[in-house]
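Architecture at a glance
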Amino acid sequence: MKFIETIKNVFKIEELRNRIMVTLGLLLVYRFGAQVVLPGIDASKLSEFAGNFDAGGIGGLLNAFTGGAFANASVFALGIMPYISASIVVQLMQIAVPYLQKLQKEGESGRKKITQITRWLTIGICLVQAPSYIAGIQYLGVPAEAFIIGLTPTFYISSVIILVTGCIFAMWLGEKITDKGIGNGISILILVGIIATLPVSFIQEIDSRVFQSNGGLILILIELVIWFVIILLSILLVMAVRKIPVQYARRTASGGYEKNIFGARQFIPLKLNASGVMPIIFAQAIMFVPVTLGSASFMKDSAAGQWLQVNFSDIFGVWYNVVFALLIIIFTYFYTAITVPTNKMADDLKRSGGFIPGIKPGTDTAEYLDRIMSQITLPGSVFLALIAIFPAFVVKLMGIQQGWALFYGGTSLLIMVGVAIDTMQQINSYLLNRHYDGLMKSGKNRKAVA
C-alpha cells in the first residue's frame, strides 16, 4: 500500500509527471530508431548476422550496449558509445592539457566549451567507427545479396553519414532527457539498450532449462535468487561510503574563527567505489588488444598468436577474466587518483574553516584523506573486479546461457544499478519537496505545488 501511495504521489506532481512522460517519449524514439535498418540493406536477410551475437562473446557485449541495434544493422548501430569514448578521452585530457584545466575552472561557461569539444570529438570517433562497421558486417554474416545496391561508394558514403547522424541524434536525445526529463539522459539510453536484450536472453535461458530438460524450473528459480543477491551486492558497492567527520569552527562576532566543540559537525563521504564503472570500461577496451594482436598478419600463424586468439576471444575464459580482473584493480586505483582531488578537498576545507578532529589542516589533512582513500579503494577494487568477472563463474559452474550470464555482473549490471539509483534519487527529491509523506513514515502529506 505504501508503494502504491508513493506511485500516486509521483503522478500528482505535474512537473515530475511531465518529465517522466518526456523521458518515456524520447526513449520510445530511440528504441524505434534501433529497429530501422540502414537504407540499402535487406532486413529479411540479416538473421545469420544477428545470430552471431546471441551466444554472448565480445560481439554479444557490443550488441547489448546498443540494445540490439548493432546486430540489426540499424541507423543507431553505433549507439551512444562514441560519445562515451569521447567523454572519457576529454576527461583524461583535462589532467594534462592546461587549456582544458582552465576551462574546468571557469564554471558553467567552461563546462559548455568542454561539452562542445566532446561533441566534436564524438563526430571524429564516429567517422572512424562507421566505415569500420560497414566494412566489417560483410565478414560477420551479412550475405552479399543483402546489399540491395551492392557495396558501392554511394552505399558506403550514405551509410557512414547515416551512422554518424544516428549517433549524434542519440546524443541529442540523451541531452534532452537530462534537460527536460528525469535522470542522466546518456546513462538512461545505455540502460534501455541493455534492458532491451534482457527479455530475449531470459527466454533463451528458460528454453534451455525447461524445454530442453537442462535442469528444469528449479534451476531457473535458483538463478533468479542468485541474480537478486548480486543486484543487492552491487547496490551496496555503489552506495557504500566512508564518512570522515569534519568539525567547522564557529564564526565569532569579530569575524574570526573560534575552534570549539560547539561548531557545526558534518562528514566528508568518501565512496568505496569512487570510480564507478569506468575501470571496467577501460579494462574492456584494453582486452580487445590481445585478440587484435594475435590476429595480426605477422602473428596469426605463430603459436603465440594462436594462443592469444584462443584464450582472449572468449570473454568467459580463465585467462581473459584473470587479466580482466587485474586490469580493473589497477584502473580503479588510477581513476580514483585522478578523480578524487584530496589536495583540493583539504584546501577547500581549510578555507571554509573546517578541520578533521585530530588532524592538522592543510598538508596533513590531504595526506590523511589520501591514506583513507587508498585503504578503502583496495576492497572496493577487488569487489568491483569480482562482480565484473562473476558472469564467467555462472557460465562455467552453472551452465547458464552466455547472453543471460552478462546480466550477472560486469558493466551491464553496474550501469543498471547505478542509473536506477540515480533516477530514483531524483524522483525522491521531488517527492520530499512536494509530498512530505511520500517516502516518510510520519508527517502530513502536503499538497502538490504545480
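Since this is a predicted model, take the numbers as computed values, not measurements.

A short note on the nonpolar core
I41, I80, Y133, L163, F324 and I328 are the most contacted members of the largest nonpolar core, which totals 87 residues. Sort the elements by how many residues they give to this core and helix α8 (residues 153–180) lands first, with nine residues. The contact partners of L163, leaving out residues within four places of it in the chain, are L38, S74, V75, A77, L78, A130, Y133 and I134. Membership of the second largest hydrophobic core comes to twelve residues, among which are V340, L349, L369 and I372.

A look at the confidence of the model for the protein chain
Looking at the protein chain, the pLDDT average stands at 81 and 88% of residues meet or exceed 70. Strand β3 (residues 257–258) is the least confidently modelled element of the protein chain, averaging 49 in pLDDT, while α8 averages 91, the highest of any element.

Notes on the pattern of salt bridges
Using the criterion set out here, one finds seven salt bridges in the structure. Between R19 and E15 there is a salt bridge whose closest N-O contact spans 3.6 Å. Of this pair, R19 and E15 both sit in helix α2 (residues 14–33), separated by four residues, roughly a single helical turn. On the basis of relative accessibility, which here comes to 32%, the residue E15 falls in the partly exposed class.

Remarks on the packing of aromatic side chains
Scanning the entire structure with this criterion turns up 14 aromatic pairs. Seen in terms of ring centroids, F70 and Y133 are 5.0 Å apart; in terms of plane orientation they differ by 70 degrees. Their pairing is edge-to-face. With F70 in the loop between α4 (57–65) and α5 (81–96) and Y133 in helix α7 (residues 108–137), this pair connects stretches of sequence that are 63 residues apart. Classification of Y133 by relative accessible area gives buried; the value is 6%. Here the aromatic rings of F155 and Y156 are separated by 6.4 Å at their centres, their planes lie at 75 degrees, and the arrangement is edge-to-face. On the basis of relative accessible area, F155 is assigned to the buried category, the value being 0%. Overall, the relative accessible area of 26% leaves Y156 in the partly exposed class.

Procedures and definitions
Residues numbered from 1 in each chain as written. Predicted model: local features only at pLDDT ≥ 70, side-chain atom pairs only at ≥ 80, totals over all residues. Heavy atoms only, no water. Core = buried A, V, L, I, M, F, W, Y, C linked by side-chain atoms within 4.5 Å. Buried < 20%, exposed > 50% of the residue type's maximum accessible area, 1.4 Å probe, protein only. Helix = DSSP H or I, 4+ residues; strand = E, 2+ residues; numbered from the N terminus. Contact = heavy atoms within 4.5 Å. pLDDT = per-residue confidence, 0-100. Salt bridge = Lys/Arg side-chain N within 4 Å of Asp/Glu carboxyl O. Phe/Tyr/Trp six-rings, centres within 6.5 Å; stacked < 30°, edge-to-face > 60°.

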